[in-house]
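Close look at the chain arrangement
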Amino acid sequence: MAELVHLTFDDGPDPRWTPRVLEVLALHGATATFFMVGRQALAHPEVARAVAAAGHGLGNHSFSHCHPWRMREEHARREVQDGARALEDVCGRAVSWFRPPFGRARACMTSEATLCGQAQLLWDRSAIDWGPLGRSTWIARRLARVRPGEIVLMHDGAGRHNHPDQLLQVLPGLLRRLRDTGVRTLESATKTVFTP
């Protein structure tokens, strides 16, 4: 069996950048899991549905992307519930995965995700496609170190700090390298992968 890499994208759906990420993935026969913010999915339902229709996995990234450590427990639990409900309402299918905003795990959110039928999924390698280090040259260097078996964090939602424009400059190169070295992408729900 071929080696696998799990590509993930956070903070969308974004009406400008998510369709471009989808185009690049389709061009290279790759699949990914998109961890969507519920509020964003409600604001851009056509983009969220395009992700689902293309066969990509869906993940709950909370309703409003508030920092998990800056909320009372009741609010934190609602963020998980409302995020899941928004994605299911928009995309018409249940969500299997939960990723806390900023990757900051909190026990009450993890347990609420479990109650909602979602497993928590973090990452092994970040593109760091955000902030002052989110320039294409540096992103490319980090993604060049991706290895089989890793879960890779990237962003399709611009938000205030992310740079999907910079990521898109190097994403095709990552996908070509994975394909050329016999590494396939794994999407958590459908197991659709590269065909070497």
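Data block above holds the structure.
Quick summary incoming for the structure in this document. In this text the structure is predicted, and so the values were computed from the model without any measurement.

This part is about the pairing of strand E7 (residues 151-155). Each regular strand shows side chains that alternate between the opposite faces of the sheet. Burial analysis of E7 places five of its five residues in the buried class, which makes it a mostly covered element. In this structure, strand E1 (residues 3-10) lies alongside E7, joined through five bridges in parallel fashion. When the bridges of E7 are listed, aspartate 10 appears paired with histidine 155. Bridge analysis of strand E6 (residues 125-126) against E7 gives two bridges, and the strand direction is parallel. By the bridge assignment for E7, serine 126 is matched with leucine 153. Considered for its hand, the β-α-β crossover made up of E6, helix H6 (residues 136-143) and E7 is right-handed.

What the rule picks out here adds up to seven salt bridges. With a closest N to O distance of 2.9 Å, arginine 85 and aspartate 82 form a salt bridge. Of this pair, arginine 85 and aspartate 82 both sit in helix H4 (residues 73-91), three residues apart, roughly one helical turn. Relative accessible area serves as the criterion here: at 45%, arginine 85 is assigned to the partly exposed category. Residue aspartate 82 is classed as partly exposed on the basis of its relative accessible area of 27%.

Calculation notes
- Residues numbered from 1 in each chain as written.
- Predicted model: local features only at pLDDT ≥ 70, side-chain atom pairs only at ≥ 80, totals over all residues.
- Heavy atoms only, no water.
- Buried < 20%, exposed > 50% of the residue type's maximum accessible area, 1.4 Å probe, protein only.
- Helix = DSSP H or I, 4+ residues; strand = E, 2+ residues; numbered from the N terminus.
- Pairing = 2+ DSSP bridges.
- Right-handed = clockwise from strand over helix to strand, strands pointing away.
- Salt bridge = Lys/Arg side-chain N within 4 Å of Asp/Glu carboxyl O.

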